[in-house]
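# Structural description and commentary
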Amino acid sequence: MAIDELKDIEINWKTLSVVFGIAFVLRFIMLIEISGSPFFNNTVMDQNFYDHWAKLIQQQFFPSGALYKAPLYPYFVWFIYAISGMSRFAVGFAQIILGSASCAMLYLIARRYFSEKIAIGAGIILALNGVFMFLDTQLFSSTLALFLLLAGMTILAHIERTSRMRMFFIGGLLIGLAALTRSSAIIFGFLALFWVIFRFRGNIVWKLSRWGMILCGMALVIFPVTVHNYAKSGDFILISFDTGINCFVGNNLGSDGKTTYLDGWDREIVRNPAVAANLAGSLSNKELSPAEISGFFSNQAATFVSRTPGKAALLTLKRIAMLLNGHEILSDASLYFQRKFSYLLSISVWDFILSFPGGIIIPLGIFGFLISVGGWRKKILLYCFTISSLAVPVLLYVNAETRAPFMSMAAIFASAGLFRIVDWIRDNKSGLSKISILVLVIMLFVSNFDFVNLRDDYTPDYLRMGDVALAEDRLDDAEKAFSDGLERDPDSPFLLNALGSVYAQKSLYDKAEEKYRRAIELLPQFVEARRNLVDLYKVWKKDDMLPDAYSGLLKYEPNSREALFWMAEYYLGTDKPDSAVINYEKLVSLFPDDPEATFGLGNAYLKVGRSDDAKKLYEEMVQEYPEEPTVHLNLGLVYVQLKKPYLAEEEFMTVLYYDTSNTYALYNLGQLYESMGDTVMATSLFYRVFTIDPNFYDNPEAILDTLFNLSEPDSLKKEKR
């Protein structure tokens, strides 16, 4: 059967080459400039995740477990790394080729549904779009996913009159590969059913067979991944099991509509299956399989929507507002901060009065869509693609990567709207309705006014730039980065803490203390700053300040082993043994297998006279550490307190069995013999202590006199008298 009103279109290779060439030249310039950025080879968050996964593939080609995220992009990066010697620049170069090809394919798609000039405009708009230029140079999966989606769309849009089955299959194959890059791309394949039904003539069986070929193409590449997941986990997981966590990240009481992590939780939750598993397991109180982990978080998101529908609706409206706003959001940094490293980016992306380019493209795109609704059957595949591109940004979160497919379609309609306005201005032959003009004006306002607080926070970028400098031992550059950030945001506790660390490394302790204290003042629960303050006082040798510093740390990190242990030791040495016992008991409850904590608790029990408790602890420790002299030594002291001299003697002798020069055991054994009236043995042991360590006694000369008197025969003492 044929497609009505459609004819095969000859490709204008010259125009196609021009669109590709413009896109490639601009992206290559962007790549050269951005490659000089300190961030280019120092990746974080998503980019670091993909870089790490690509490198792991070199060691183990097939994953050992079910896939947490769609796998194709990491394998793409691995392939480029393998043939280029791990060159990050080579990955960027490969991606700018794909990005340039996407611009050319957008021209082909637009040409199928609109005029030549509108198609050229669409390709050029995407080629000149600074956001896409930047994304194509980075380790984001959006470039590969968009390339594959547009390739599939191009095939489907240009199916020949004969509607050959293989073309539907190839289109589905490309969509399936896009889904292996970004799972949400699979939605386009299912929505293509409406295109087949409403665009083609024929009976329902004929139509379903064509759509079935699209599904077969998708299944061919997705099925092996599904089999792998089942083999590794026993669960049916189509592509990856991060769907549930993504739903929860985008739909919970703390969601902001743009953040790709759970506020207050480990930021790697959306990238690390172990972190996701631990969180789900701790919340559900049981160990979960990969599919159960995804299901758990999906249920949490569903619970949020069902129990607080008003908040869920407001969150969705907020995401739509961000989707339609021209301001750009990156998942791991500020795109506007990146302009520091690229002149081309600085002139192609800006956010002053108008948010360019999104603040122009989106209003023109919606305007162009409204004036192009006639002949909707012809454009239904275009609408299916546009609707599928809205799934993630509307339902989960909005950023430059998630709205890239939507922005590519917006470029087509923006071109249509732009040329309609040009025609209207030129000869007033193309009438524009008042409604469409009003929509354009309203959308220009909506896309360029910050309704939902999208103002950029550059703090993470300054922190990252300073951290890169610190990693390279460039303290002055790190200081400048943090100081520049504080000029923009003087009350950022994170920048204050970072600058304090630089001052500490420079031994500018007064300045470091000032920054740490200011950071803590602004954010009392900032544990890292409190830890840094503790470390500063240690290096600075301000022991008198440590008690307050550790107390403050314990207030916000009550399970800190270091703080609990230090405070326990501090109380033990300042005649506050009861407080020492409290801290040691908490330590032992938190770290029952920590011998140092148990040993310290026993010592504290001795100080407060709880000899029986100390005895129980040390006897248990002796069983566990039978060859540890210190445990036997303290157990001996317990037996002394309990007036069990022969048991004490046995423990002290055990110490000397393992360590014949243990001065504490010799001295305590000497005191024990002296108390038992055996001054000869006591004196011998005291002399031995003095011989091994003359500084053992506080006043060696007085001790010598005492030892001499103890060792004199009674007859000689009588003669002296």
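As shown above, the structure is provided for reference.
Reference entry: report on the structure contained in this document. It should be emphasised that the depicted structure is a prediction, and the values quoted were computed from it without experimental measurement.

Turning next to the overall build of the protein. Along the protein, the regular secondary structure elements total 36 helices and two strands. Taking 27 Å as the expected radius of gyration for a compact globule of 721 residues, we find that the protein reaches 36 Å, considerably beyond that expectation. Expressed as lengths along the three principal axes of its C-alpha atoms, the size of the protein is roughly 135 × 55 × 50 Å. The contacts in the protein between residues at least 6 apart in sequence include a share of 65% that link residues at least 24 apart.

Once that is clear, we can look at the layout of surface pockets. Looking at the second largest pocket, its volume works out to about 980 Å³. Considering the residues around the second largest pocket, the lining is formed by 47 residues, among which S183, S184, N246, V392 and L396 are closest to the centre. Put simply, the parts of the chain that give the lining of the second largest pocket at least two residues each are α2 (45–59), α7 (142–157), α9 (186–199), α11 (243–250), α13 (290–307), α17 (380–389), α18 (391–395) and α19 (404–427). For the lining of the second largest pocket, the class distribution of residues is 26 nonpolar, 16 polar and five charged.

Our next topic: empty space enclosed by the protein. Where empty space is left can be seen by rolling a probe of water-molecule size over the atoms. For the coordinates displayed, the defined rule picks out four cavities of 30 Å³ or more. Taken as a whole, the largest cavity spans an internal volume of roughly 70 Å³. What lines the largest cavity is R27, G99, S102, C103, L126, F132, L135, D136, S142, T143, L146 and A404. Sorting the residues of the lining of the largest cavity by element identifies α4 (88–113), α6 (130–137) and α7 as the ones contributing at least two each. Looking at the second largest cavity, its volume works out to about 60 Å³. What lines the second largest cavity is simply I34, S37, F39, F40, Q47, F134, Q138, L330, D332, A333, Q338 and R464. Within the lining of the second largest cavity, the residues separate by chemical class into six nonpolar, four polar and two charged.

Attention now moves to the nonpolar core. Residues F188, W195, L382 and I412 are the most contacted members of the largest nonpolar core, which totals 105 residues. When residues in this core are grouped by element, the largest group, 13 residues, is from α4. The residues touching F188, leaving out its near neighbours within four places in the chain, are L149, M153, L156, I175, L381, C384, F385 and S388. Ranked by size, the runner-up nonpolar core spans 95 residues in total, among them I34, V349, L666 and L669.

This brings us to helix α21 (residues 459–471). For α21, spanning 13 residues, the distance from its first C-alpha to its last is 18 Å, which sits close to the expected 18 Å at 1.5 Å a residue. When we look at burial in α21, the residues that qualify are T459, D461, Y462, L463, R464, M465, G466, V468 and A469. D473 sits one or two positions beyond α21 and adopts a positive phi of about 60 degrees.

With that settled, the discussion passes to the packing of aromatic side chains. Geometry of an aromatic ring pair is reported as the spacing of the ring centres plus the angle between the planes. Counting across every chain of the model gives 44 aromatic pairs. A centroid spacing of 5.9 Å and a plane angle of 85 degrees characterise the contact between F565 and Y584, whose relative ring orientation is edge-to-face. In this pair, F565 sits in helix α27 (residues 561–573) while Y584 sits in helix α28 (residues 577–590), placing the two residues 19 residues apart along the sequence. Residue F565 shares its accessibility class with Y584, and that shared class is buried. Lying across the ring of W540, K542 places its NZ or CZ 4.0 Å from the centre.

One can describe the packing of α4 onto helix α5 (residues 116–128) by two numbers: an axis separation of 8 Å at closest approach and a directional angle of 155 degrees. Comparing the axis directions of α4 and α5 gives the class roughly antiparallel. The way α4 lies across α5 gives a crossing that is right-handed. Packed against α4, whose contacting residues are S102, C103, L106, Y107, A110 and R111, the element α5 presents E116, A119, I120, A122, G123, L126 and A127 at the interface. Residues belonging to the contact of α4 with α5 are distributed by class as follows: nine nonpolar, two polar and two charged.

A full pass over the atoms with the stated rule returns 20 salt bridges. Residue K55 is joined to D51 by a salt bridge in which the shortest nitrogen-to-oxygen separation is 3.1 Å. Here D51 and K55 lie together in helix α2, a separation of four residues that amounts to about one turn. For E557, the salt bridge is made with R531, and the minimal N-O distance between the two is 2.6 Å. Of the two residues, E557 sits in the loop between α26 (546–556) and α27 while R531 sits in helix α25 (residues 527–540), which places them 26 residues apart along the sequence. Note on E557: relative accessible area 21%, which makes it partly exposed. The exposure class assigned to R531 is partly exposed, which follows from its relative accessible area of 35%.

Quick notes on the rules
Residues numbered from 1 in each chain as written. Predicted model: local features only at pLDDT ≥ 70, side-chain atom pairs only at ≥ 80, totals over all residues. Heavy atoms only, no water. Helix = DSSP H or I, 4+ residues; strand = E, 2+ residues; numbered from the N terminus. Rg over C-alpha atoms; globule rule 2.2 N^0.38 Å. Contact = heavy atoms within 4.5 Å. 1 Å grid on protein atoms, 1.4 Å probe; cavity = no way out; pocket = protein on both sides within 12 Å on 5 of 7 lines; lining within 4 Å. Points joined across faces, edges and corners; volume = space filled by probe spheres on them. Nonpolar A, V, L, I, M, F, W, Y, C, P; charged D, E, K, R; others polar. Core = buried A, V, L, I, M, F, W, Y, C linked by side-chain atoms within 4.5 Å. Buried < 20%, exposed > 50% of the residue type's maximum accessible area, 1.4 Å probe, protein only. Expected span 1.5 Å × (residues − 1). Phe/Tyr/Trp six-rings, centres within 6.5 Å; stacked < 30°, edge-to-face > 60°. Lys NZ or Arg CZ within 6 Å of the ring centre and 35° of its normal. Axes fitted to C-alpha atoms, helices over the stretch in contact; angles between N-to-C directions. Parallel < 35°, antiparallel > 145°, perpendicular 65-115°, else oblique. Left-handed = near helix turned anticlockwise from the far one by under 90°. Salt bridge = Lys/Arg side-chain N within 4 Å of Asp/Glu carboxyl O.

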